[in-house]
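Topology and contacts: notes
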Amino acid sequence: MLIRYILKRILIMIPTLLVTSALIFTVINLPEGDYFETLAAEMQAQGEKADMSRIEFLKKEYGFDRPPVERYVRWVAGLLQGDMGYSFEYQRPVREIVGDRLLLTMIVSFATIVFTWIVAFPIGIYSATHQYSWGDYGLTFIGLIGLAVPHFLLALVFMYFANIWFGTSIGGLVDPQYLNQPMSWAKFRSVLEHLWIPVIIIGAGGTAGMIRALRANLLDELQKQYYVTARAKGLPPGKALRKYPLRMSLNFFISDIGDILPSIVSGAEVVAIVLSLQTTGPLLIRALQSQDMYLAGSFLMFLSFLTVIGVLISDIALALLDPRIRLQGAPTK
Amino acid sequence: MTSGKHTVAGRRQTDIMDILRISDLRIGFTVHGLAREVVKGVSLRVPAGKTVALVGESGSGKSVISQAIMGLLPRAGAVTGGEILFREPLEPGTVVDIATLPPEGEGIRDLRGGRIGMIFQEPMSSLSPVHTIGNQIEEALLLHRPMPKPQARELIEAMLKRVGFKNPKRAFDHYSFELSGGLRQRAMLAMALICQPALLIADEPTTALDVTIQAQVLDLMRELQAEMGMAILLITHDLGVVANMADEVVVIFHGEIMERGPVEDIFRRPRHPYLKALLNASPHFDMQEGERLVALREARPRPAAAPAPKPAPDAAPLLSVRHLQKTYVTGSRSFFGKGSLSVVKAVDNVSFDIKRGECLGLVGESGCGKTTVSKIIMRAVTANAGEVIFDDGRERVDVLGLKGDALRAFRPRIQMIFQDPVSSLSPRMTVTNILREPLAIHDRGETQGQLDRVRALMQDVGLDTRFLNRYPHSFSGGQRQRIGIARALALDPDLIICDEPVSALDVSVQAQILNLLKDLQAERGLTFLFISHNLAVVNYMADRIAVMANGRIVELAPRHTLFTRPVHPYTKALLRSVPFADLDRKLDFKLVAPGGASDDSHWGEAFRIGSDASALAPVPLGEGHYVLARPNADVRELVS
């Protein structure tokens, strides 16, 4: 039953990804010209003489003289074989460029998610079980500030005070001295030293949102009759809360996994630029600006793939956790 | 207030001791800073092994008292005075004052579930949907009587078997949504009784169940009480249930006890006017032709409006339904292959007529297809086959064949009154908007004309026109239902479908609404299709009654005939299961259908579907009495 369900979901992923790839390809190709024309225009604007014959050669080399449909097919065929293409700007395969930054991105994002959960869970539960208390109001207020302040502003403020109070160097995830060093214990400690700033900044909004969502969900569940039943059995309040309403309100966390996976990889672009983090976010933005089409396209495709996988994981987890989804199957018509 | 325990030394053991004794209990609620007392000095007792019924309307404070006994008052509520003494029968002499125990402390938690069990009205929502039945019962058991799991499972399976699960081993691993309402309530009983409590609090335990299932669950509660010797505090507003279950009765009204005493005194010699009024407001089967229920508060003073002229008796029926068929496909639909699909016949070859000015009752248990029939007539659901002809004397309309504008123009002719007065009115619309909306949709008149019409409608249902700018939440259930009736009347329909219009209302309000519907029918010559599972209510309202089971109409007869000379075994089982508010006609629990009344294996040979469903046909028994049976069966044999 469950295996068939998973198979079915995996099969549905194929058309989803195909449509996504077509969309990405179309959108990236929509602006006039391509990377080489942008490059030539930039060089001319800077007064340099562009080697038109070389550009023509490159265009031919990368198949830009072919019709878009053919380029699309080639690109997708490459992706299927794990070839993400070649970045014109960096003159290196896309896989290498992204790979370099992926580790740092994942560290930042993962730490952010853990931070979000650790903070949001207790506060959400407290707010729901102490509805309309001063604690609830106070925490809600702080959460709303976190939600309302723009990330880049928070980033600037934090950078300033981190430097003044803790002497942490501005920008980046490591002290400049470790920048091109291989990973070592000292470098790792330096990363940890810097990590908390982006984690708090990126996590602020998400934490506030999650507190609100958890509070609302839990409040709904606390009204339910089965919670009264559980307490009528004589369960201690904490255990009754954990086993019944909290479990039910978890469903939305799990359906959230689908969004979490891609955000782990993409990194928060704007914050990363302000803090000049060596994550993938700024890379993607730069690639989109310069029409570095294989870098941008393949990276977006990678994110889409992770989204689809994330949704699959959350669907399977939901089916495991909630017997109503597992056993009732398709809705009756 | 350190401990509520104190020993009553030297007190002689009386024959029956009181498990629970509540004296001068006061409970207050603080909402938006305003304190309000909802229970005002209530005293009652529950003797060991006996059943005490706490009777009252919604809002009378009866559920709050049960919450206080369990220590489960909402945060806004608190006991402000009096005591709730619980006497442990296993250790005579110890008395606990529950009112003084901290609400989440260990003392009350030991009692809760361990010594005092509780079951609730909604078997649907009182079990967790994501834990198995066994898991939830086991939790209650292990909490109060720690033991190895295999042994616990054995006990639980024995208990599940005792409450009527045919296969307790499998039932242990079932989830609540896989069970029917009756089985869920049985599982709740198993959970409440697994620790062998001294007191069971049953808060409207059968209100949400069909009559036949209700009779089974009540029977089960009595049997278990006889076996385990626990006392029952039964909270209900159904006097029929009280007459059949209770040893003692306590009547509560607005947080005060009106009357209490042994059940004999209460029913044979009611003293307090409120109790008398309550008894007069419940419809029963012995009502004379034209007898009127006495509502506690009438919706409006009886108007002097002349009754509408009666149509000619030989006129064509207003609505005639023929061979209606509706099937649903359920089960999981797999991506490849078939999965486990099954076809359910919700409506199976249903035919009936409704004459102009008549009220046709449609009764049956939940899931029998009666609501589906109404939805097909309303064109909210599409039938697979069949015909619905609407004939108002001027033109014949094929209702199921209408499309587009023709359907739109036809819709005002049939309107609907719904069961739930809370969810059938939009909380974001004022009464004016609610009542005007149908007029606006169908472009009836100018703004001023519509507003005048809305005022007239309010007066018709006996509501003050000053309420027009209020929102539904500021009305009581009965008032809301009257708004729903006014909305149905707005477009001057010929036929009104009432889908369980009073089943969500208290007895006293129910009488008010039923009387209002009767008056409106007489004044305007309305035609009703009245759907209900409450036979007494249908008996009061309907001229003819159709009984539905498993998607078929099994018996159709004039009201009086159906109740005095029922023929079909299903109808008989239904009638046998109705609890009367009369001590001389107690339910014979042993006669109630064992496997559920709609299980046709208990029916006689002539009524069984067997292998060939088409072999059954409505057999006329004279005087408009039809029963679904094999045509070759001897009619006299059926009647006997």
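Given the structure is predicted, the values throughout are model-derived calculations rather than measurements.

1. A few points about the nonpolar core
Of all hydrophobic cores here, the largest spans 81 residues; its most connected members are Ile69(B) and Leu199(B). Contact partners of Ile69(B), with chain neighbours within four places excluded, come to Leu20(B), Ile22(B), Ile84(B), Ile98(B), Ile108(B), Ile116(B), Ile201(B) and Leu233(B).

2. Focus: the interface of chain A and chain B
Interface size is commonly expressed as the accessible area that is lost once the parts come together. Contacts between the two partners involve 33 residues from chain A and, on the opposite side, 37 residues from chain B. Between chain A and chain B lies a buried interface of about 3100 Å² when both sides are counted; carbon and sulfur atoms form 63% of it. Here chain A is connected to chain B by three salt bridges. Across the salt bridge formed by Arg231(A) and Glu104(B), the nearest N and O atoms sit 2.7 Å from each other. Our count for the chain A to chain B interface comes out at 14 residue pairs in polar contact (both at pLDDT 80 or more). Sorting the residues of the side of chain A that touches chain B by element identifies α1 (2-29), α9 (225-232), α10 (237-249) and α16 (323-328) of chain A as the ones contributing at least two each. For the side of chain A that touches chain B, the residue count by class is 14 nonpolar, nine polar and ten charged.

3. Focus: the sheet that holds strand β9 (residues 231-236) of chain B
All names here are of chain B. As summarised here, the arrangement of the six strands in space is β7-β8-β9-β4-β10-β11, forming an open sheet in which the pairing is mixed. At either margin of the open sheet sits one strand with a lone partner, and together these are β7 (116-119) and β11 (256-262). Strand-to-strand twist in this sheet, taken as the mean axis angle between neighbours without regard to direction, amounts to 15°. In this structure, strand β8 (residues 199-203) lies alongside β9, joined through five bridges in parallel fashion. Counterpart to Ile201 in the pairing with β9 is Leu233. Across the sheet, helix α1 (residues 62-70) touches β4 (51-55), β7, β8, β9 and β10 (248-253), and the angle it forms with β8 is around 145°. Seen against the sheet, helix α7 (residues 211-228) touches β4, β7, β8 and β9 and runs at an angle of roughly 160° to β9.

4. Here we look at the confidence of the model for chain B
Residue and element names in this part refer to chain B. Per-residue confidence for chain B gives a mean pLDDT of 84; residues scoring 70 or more make up 90%. Low confidence marks residues 1-14, where pLDDT is under 50. Its contacts with residues over four positions away, or in another chain, come to 15 contacts. Interface confidence for the predicted complex, given as ipTM, is 0.74, next to a pTM of 0.78.

Each value, and the rule that gives it
Residues numbered from 1 in each chain as written. Chains lettered and ligands numbered in written order. Predicted model: local features only at pLDDT ≥ 70, side-chain atom pairs only at ≥ 80, totals over all residues. Heavy atoms only, no water. Core = buried A, V, L, I, M, F, W, Y, C linked by side-chain atoms within 4.5 Å. Buried < 20%, exposed > 50% of the residue type's maximum accessible area, 1.4 Å probe, protein only. Contact = heavy atoms within 4.5 Å. Buried area = accessible area lost by both parts, 1.4 Å probe. Salt bridge = Lys/Arg side-chain N within 4 Å of Asp/Glu carboxyl O. Polar contact = N/O pair within 3.5 Å; in protein donor to acceptor, adjacent residues only side chain to side chain. Helix = DSSP H or I, 4+ residues; strand = E, 2+ residues; numbered from the N terminus. Nonpolar A, V, L, I, M, F, W, Y, C, P; charged D, E, K, R; others polar. Pairing = 2+ DSSP bridges. Axes fitted to C-alpha atoms, helices over the stretch in contact; angles between N-to-C directions. pLDDT = per-residue confidence, 0-100.

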